[in-house]
Amino acid sequence: MTMMVKDPGTRIDFEFDWAAAYPGGQAVLASDWSVAPEEEGGVTVIGGAHDLKEVTVTLAGGIAGRVYRVTNRVTMSDGQIDERSMTLRVEER
């Protein structure tokens, strides 16, 4: 699992590239993002996008000193469903 750092005052994009996991030509049809824990003032998903192989999420907020798990769940063109997560630590910079 990847560890990233984010300032609580920033709004920033993060990306997962699914091409290496699915070299057989499958494409991303749907992408959903979640953040845990869900809490007042915590990290929130502002938006997301995807193309055939890459997915992007825009995250905002967060409480300094807290650690969050950001998970991307995709549905591929062949019907497979997969997830990837990253750990996001919020720090004042």
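Overview of the structure. (Residues numbered from 1 in each chain as written. Predicted model: local features only at pLDDT ≥ 70, side-chain atom pairs only at ≥ 80, totals over all residues. Heavy atoms only, no water.)

## Regarding the pattern of salt bridges
Okay, step 1: For the coordinates displayed, the defined rule picks out three salt bridges.
Okay, step 2: We note a salt bridge from Glu39 to Arg66, for which the minimum N-O separation is 3.7 Å. A residue pair is termed long-range when its members are at least 10 positions apart, and Glu39 in the loop between strand 3 (28-36) and strand 4 (43-50) and Arg66 in the loop between strand 5 (54-61) and strand 6 (67-76) qualify at 27 residues.
Okay, step 3: By relative accessible area, Glu39 is classed as partly exposed at 27%.
Okay, step 4: Notably, a salt bridge pairs Arg89 with Glu91, separated by 2.6 Å at the nearest N-O pair.
Okay, step 5: The exposure class of Arg89 is partly exposed, given its relative accessible area of 32%. (Salt bridge = Lys/Arg side-chain N within 4 Å of Asp/Glu carboxyl O. Helix = DSSP H or I, 4+ residues; strand = E, 2+ residues; numbered from the N terminus. Buried < 20%, exposed > 50% of the residue type's maximum accessible area, 1.4 Å probe, protein only.)

## Looking at the sheet that holds strand 5
Okay, step 1: Taken in spatial order, the three strands make up an open sheet running 2-5-4, and their pairing is antiparallel. Every interior strand has two partners, whereas the edge strands, strand 2 (11-17) and strand 4, have only one. Strand-to-strand twist across the sheet, computed as the mean angle between neighbouring axes with direction ignored, equals 25 degrees.
Okay, step 2: Relative to strand 5, strand 2 runs antiparallel, the two being bridged by seven bridges. Following the sheet pairing, Glu15 is matched in strand 5 by Thr56. (Pairing = 2+ DSSP bridges. Axes fitted to C-alpha atoms, helices over the stretch in contact; angles between N-to-C directions.)

## With respect to the environment of Asp82
Okay, step 1: With respect to the secondary-structure elements, Asp82 resides in strand 7 (residues 81-90).
Okay, step 2: Of the residues examined, Asp82 reaches a relative accessible area of 27% and is grouped as partly exposed.
Okay, step 3: Sequence separation between Asp82 and Thr44 is 38 residues, and the spatial gap between their C-alpha atoms is 21 Å.
Okay, step 4: In contact with Asp82, other than residues within four places in its own chain, are Trp18, Tyr22, Asn72, Arg73 and Val74. (Contact = heavy atoms within 4.5 Å.)

## Observations concerning unusual backbone geometry
Okay, step 1: Going from Ala36 to Pro37, the amide bond is cis rather than trans, its omega being 0 degrees.
Okay, step 2: Tracing the sequence through the fold places Pro37 in the loop between strand 3 and strand 4.

## Topic: the pairing of strand 5
Okay, step 1: Where strand 4 meets strand 5, seven bridges bridge the pair, whose relative direction is antiparallel. Counted as the bridge partner of Thr44 is Ala60 from strand 5.
Okay, step 2: What sits between strand 4 and strand 5 in their antiparallel hairpin is a turn of three residues.

## Brief notes about the packing of aromatic side chains
Okay, step 1: Under the defined criterion, the tally for this structure stands at two aromatic pairs.
Okay, step 2: Seen from their ring centres, Phe16 and Trp33 are 5.5 Å apart, and the 25 degrees between their planes marks the pair as stacked. Remark: Trp33 occurs in strand 3 and Phe16 occurs in strand 2; sequence separation between them is 17 residues.
Okay, step 3: What makes Phe16 buried here is its relative accessible area of 10%.
Okay, step 4: Taken together, a centroid distance of 6.4 Å and an interplanar angle of 40 degrees make the contact between Trp18 and Tyr22 tilted.
Okay, step 5: Residue classification places Trp18 among the buried positions, given a relative accessible area of 0%.
Okay, step 6: Geometry around Trp18 places Arg84 over its ring, the cationic atom sitting 4.2 Å from the centre. (Phe/Tyr/Trp six-rings, centres within 6.5 Å; stacked < 30°, edge-to-face > 60°. Lys NZ or Arg CZ within 6 Å of the ring centre and 35° of its normal.)

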